[in-house]
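Residue-level listing of the chains:
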Amino acid sequence: MAPINQVKQTTRVKGWPYSENIKKERMSDWLGGALVSEVLKGLIQEAKTMIDFKLLSEDLASTMERMIPLTEQIETIQGKADFDHGDLKVLKQTIQRARKVLDKCQRGGVWFYEKPLVSRKIKGINKDMVKFCQMDLQLHQYRNQLGLSVVVGNIDDKVEGLSKRMDSLSVAPVPAFTDHLCSVPKLDKPPVGLDWPLMDLKKRFIDNTTAASLVVSAPPGCGKTTLVTHLCNNVDVKRHFKHILFNVVSSTPNFRTIVQNLIQYNGHAPQTFENDTQATVALRKVLEKLTEDGGPILLVLDDVWQGADSFLEKFRISVRNYKVLVTSRSEFRSFGPTYSLKPLEYENARALLVQWASRPIPNNASPDEYENLLKKILKRCNGFPIVIEVVGVSLKGKSINTWKGQVESWSGGKKTILDSPRPSVLQCLQPSFNALDPDLKECFMDMGSSLEDQKIRASVIIDIWMELYGISSSVVCMKYLEDLASQNLLKLVPLGNEQEEGFYNEYLVTQHDILRELAIHQSGLEAFFERKRLNLEIREDQFPDWCCLNQMEPIIINASLLSITTDDLFSANWIEMECPNVETLILNISSQNFALPSFIAGMKKLKVLIITNHGSYPARLTKFSCLSLLPNLKRIRLEKVSVTLLDILHLQLVRLKKLSLVMCSFGEDFYDIEDETVDVSRALPSLQEIDIDYCYDLDEVPYWVCEVVSLKSLSITNCNKLSLLPEAIGNLSRLQVLRLSSCINLSELPETMERLGQLQFLDISHCLGLRKLPLEIGKLQKLKKMSMRKCWRCQLPDSVKNLEDLVVKCDEETGLVLWERLKPKMRSLRVHVEEMEHNLNLLHILYGKEDIICRNYLQDLASHNLLKLLSLGYVTFYSSTILGKNEHEDGFYNDLMVKQDNVFREFAMHQCEKESILQRKRLNMDIQENKFPNWFLNLKQPIVLNASLLSISTGNTIMIHLHRIGLKRIVPTLKF
């Protein structure tokens, strides 16, 4: 151990004397003769090189760096300051103390017993410097601005008089230490459930050198500001960014005010701007100055509202080491990528609720009863931190009976979260609604007509809006959905690869219960019987109280959108109602037999009828004939019901434009003998679109479909028994779109398709049994798009070369086998290869588990946001629960797709790599141009790996046959 008095050799800081004697002799010289700013810069250099007391020295260096622009301003006015007199003497003494402490730490280090004393000295120096900037230096600057002569003999007298006159000054004061204007808020306690989002956000934005801007977006009350504040207070982030500037924007963004704050933060007097152009020039100068003086800048714009695109663009300035982070309920895709903050998962939500609510008093609830109450409460809160806080505070210190009563009031429909005695939840959500355009407000309130936790195809909502608001284009309605989704008022999830314009079955719309309650709340502000939207929920045979006010006369409902929900115990004993203005009727049923209410016949304005069965088996509808009395009915959608298409034909709905049948059962009556008494062209003269999906007992198309000459779109998808299309399909001379995807037993297409002269789009993706296309398909000169995923076994006729400007969407294998050879002959051909879907049988093969257990594994991982589990069809999303058991008892999971973000994949690989290569259970081998990875080549022969899962990836130039490397020999444990 070195003796205590030993002085260690240290590296000399440029421009600074390092000899102790010289230092004592010249202490006054370099303080008195040098500029204050240069002195501080030298101290900053030494502070940054300290190893011990790293955090304290960094704080000290940060304080001194903030003083530099202020001292430079003084020097500009009066040259080299006199440090031996007046209030500047305090700064000299503070700098001398800092010099001594830094020199001691640099020369000989600090012994462990001295560290507490040195720590206190550094803290004291830092505190005195801040105090000097906040008080003494401020007075000094005011004095100079007023032109007062600074005389050593009378400075103390004038300071007191100056202080009294400051309120009457006409010149705007110059705050000398103004970082509070842009300071980061402090968190009272560590936020719950934000550790992973914080790490993910740092990786995507802070550590990403190419990312200059990012928008953190989420519904109101999800914790956007909390997450960003947590990020700004993170030690690593504070170490990386020299300047973190936090500004709250809110609903009235003022660009000039924010620039003024930044200018004052930099130590200058506030400026006034005649226009935003002047403010933009000033902003650039401030940012350039900050980067020159102190390094990277992080500018946070918190709570930016919808429509602020032009406001944000003004902050898009090309300055080195400058990033902008925005929080908003909306997305601003033109400004930067979006980081979507999700609501809290169950465990984190539970921890937050316990933190706010504690346990019931007295604590006499059993653990099971307590956990059950927590689950029910959290189900209503939907992971929204603000809602959990409000509910938790309302239950804190209350009895177990109060907890139970709160849960029962929710389940009975008497109250909602928005009825909380503390209005903060509604206050938090209401501005999002108020900011919407009038059209979007109406559309948002319509979402309250859906069931709680319901997942709806976008096409269903679009059908409603097109007729309810007279919108002629489905694209406009889709834009409304996208606008609401961009403001986090609903979620719009693409389920499959095929997303053609005008066809939106491949989009799923979901909405948090809180937001649904907000939509219902807004609709409920009107007088009850005058509301435009009305929800009628019938439990068993119990109607709501408002239905029973006057049983002698029928109830008159003036709503244009009526949603009726019944359970499986409903006996179809309807009360009398008159609904003269209803244009959209939604029936949510659950029983196996359901009689349509007779009052439907009186809905003369009805345009859209949607009947959805939420039971386990198809419901048989009776009194279906009452629909024939509806002269304006244009769209019918039936889901999971038993019906025959002949019934629809006999209704003779002359204005029917679209017929949708989803998961319907047709039974033996479906294929009735052709009814010559009905002229199809007169019975359905306006029908333009038929959509049949997941109808498993459909093995042939009914005769009359091919006689609907007005038909423009025919979609028959996921119908596994369908093997042939009728020859008469060639009669559909106006048909523009033909979708046959996932009809796995469809073996061929009729040759009469060559007569479909208006056909523009053909979808045969996943028709695994299809072996050939019509020989003369080349005659379809208007055919411009084909979707052919998983169709590489299908033969293409020579006439396909006659198709001009054809766009084909397919998988890589189909593209290589079928279309690659045709590219030289079809110069206008464009082949788009789309993403491969992963097989879910992997877990079953590796672990020998039952399919349903493997599926639960996937569901658990998805619930923790470690992967995404999406449906490619209706099966999972139209059951009573997500991934419902009823639909997958046969173990068929090809309509589920697994996706994972790269960051999670890299994290998984990192976990696997903790084991040695020879002992890893999972191993990836990437072979590019016949070059095996180094770890493989460096292993000694014979190679024996213990992996049970081996993934081999090859480029398109590999020439070696993989079986020659003897996988089972080198990996005897290989299962997959």
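It should be emphasised that the depicted structure is a prediction, and the values quoted were computed from it without experimental measurement. (Residues numbered from 1 in each chain as written. Predicted model: local features only at pLDDT ≥ 70, side-chain atom pairs only at ≥ 80, totals over all residues. Heavy atoms only, no water.)

Draft legend 1. The arrangement of the pairing of strand β16 (residues 619-622) in detail. Of the two faces of β16, the one lined by A619 and L621 is fully buried and the one lined by R620 and T622 carries no buried residue. Two elements, strand β14 (residues 593-595) and β16, share three bridges in a ladder whose sense is parallel. Residue F594 lies in a different strand from β16, and its bridge partner there is L621. (Buried < 20%, exposed > 50% of the residue type's maximum accessible area, 1.4 Å probe, protein only. Helix = DSSP H or I, 4+ residues; strand = E, 2+ residues; numbered from the N terminus. Pairing = 2+ DSSP bridges.)

Draft legend 2. Quick peek at unusual backbone geometry. One non-glycine residue with positive phi stands out, namely A572, at about 65°. Position of A572 relative to the elements: it lies in the loop between β11 (561-566) and β12 (577-578). By relative accessible area, A572 is classed as partly exposed at 28%. The phi dihedral of Y694 is positive, around 55°, even though this residue is not glycine. For Y694, a relative accessible area of 4% corresponds to the buried category.

Draft legend 3. Inspection of the confidence of the model for the protein at higher detail. Averaged over the protein, the pLDDT score is 76; the fraction of residues at 70 or greater is 70%. Between residues 145-179, whose pLDDT stays under 50, and residues either more than four places distant or in other chains, the model counts 45 contacts. Within the model, pLDDT remains below 50 along residues 872-892, and this stretch shows 61 contacts once partners closer than five positions in the same chain are excluded. (pLDDT = per-residue confidence, 0-100. Contact = heavy atoms within 4.5 Å.)

Draft legend 4. Local environment of the pairing of strand β19 (residues 658-662). Within β19, five of the five residues are buried, which leaves the element mostly enclosed by the surrounding structure. Taking every second residue as pointing to the same face, both faces of β19 are buried, with K658, S660 and V662 on one and L659 and L661 on the other. Of the pairings in the sheet, the one linking strand β17 (residues 635-639) to β19 comprises five bridges and is parallel in character. Bridged to R637 within β19 is S660.

Draft legend 5. The arrangement of empty space enclosed by the protein in detail. Throughout the structure, instances matching the rule amount to nine cavities of 30 Å³ or more. Roughly 220 Å³ of volume is contained in the largest cavity. As for the largest cavity, its lining consists of 18 residues, and the residues nearest its centre are S450, I456, V460, I464 and I586. For the lining of the largest cavity, the secondary-structure elements that each account for two or more residues are α19 (458-468), β13 (584-589), β15 (608-613) and β17. With four residues, the top contributor of residues to the lining of the largest cavity is α19. Split into classes, the residues belonging to the lining of the largest cavity amount to 10 nonpolar, five polar and three charged. (1 Å grid on protein atoms, 1.4 Å probe; cavity = no way out; pocket = protein on both sides within 12 Å on 5 of 7 lines; lining within 4 Å. Points joined across faces, edges and corners; volume = space filled by probe spheres on them. Nonpolar A, V, L, I, M, F, W, Y, C, P; charged D, E, K, R; others polar.)

Draft legend 6. Structural view of the environment of K772. By secondary structure assignment, the location of K772 is in the loop between β23 (761-763) and β24 (785-787). Along the primary structure K772 and S747 are separated by 25 residues, whereas in three dimensions their C-alpha atoms are 7.7 Å apart. Not counting residues up to four positions away in its chain, the partners in contact with K772 are S747, E748, L749, C794 and Q795.

Draft legend 7. Structural view of the packing of α19 against helix α20 (residues 474-486). Interaxial distance between α19 and α20 falls to 9 Å at its minimum, and their mutual angle equals 115°. α19 and α20 meet at a crossing whose hand is right-handed. Here A458, I461, I462, W465 and M466 of α19 come into contact with α20, specifically with S474, C477, M478, Y480, L481 and L484. A per-class count over the contact of α19 with α20 returns 10 nonpolar, one polar and no charged. (Axes fitted to C-alpha atoms, helices over the stretch in contact; angles between N-to-C directions. Left-handed = near helix turned anticlockwise from the far one by under 90°.)

Draft legend 8. Geometry of the packing of helix α10 (residues 255-265) against helix α11 (residues 276-294). One can describe the packing of α10 onto α11 by two numbers: an axis separation of 9 Å at closest approach and a directional angle of 30°. It follows from the interaxial angle that α10 and α11 lie roughly parallel. When you trace α10 past α11, the crossing you get is left-handed. Two secondary-structure elements touch here, α10 through F255, R256, V259, L262, I263 and Y265 and α11 through D276, A279, T280, A282, L283, V286 and L290. Grouping the constituent residues of the contact of α10 with α11 by class yields 10 nonpolar, one polar and two charged. (Parallel < 35°, antiparallel > 145°, perpendicular 65-115°, else oblique.)

Draft legend 9. Looking closely at the pattern of salt bridges. Per the counting criterion, the structure on display carries 26 salt bridges. Across the pair E369 and K404 runs a salt bridge, and its minimum N-O distance is 2.6 Å. With E369 in helix α14 (residues 367-381) and K404 in helix α16 (residues 400-411), this pair connects stretches of sequence that are 35 residues apart. Given a relative accessible area of 25%, E369 falls into the partly exposed group. Note that R533 and D446 form a salt bridge whose closest N and O atoms lie 2.5 Å from each other. In this pair, R533 is assigned in strand β9 (residues 533-538) and D446 in helix α18 (residues 438-446), connecting sequence segments 87 residues apart. In this structure, R533 and D446 share a single accessibility class: buried. It is possible to trace a salt-bridge network through shared partners that takes in D463, E467, K634, R635, K657, K658 and E689. (Salt bridge = Lys/Arg side-chain N within 4 Å of Asp/Glu carboxyl O.)

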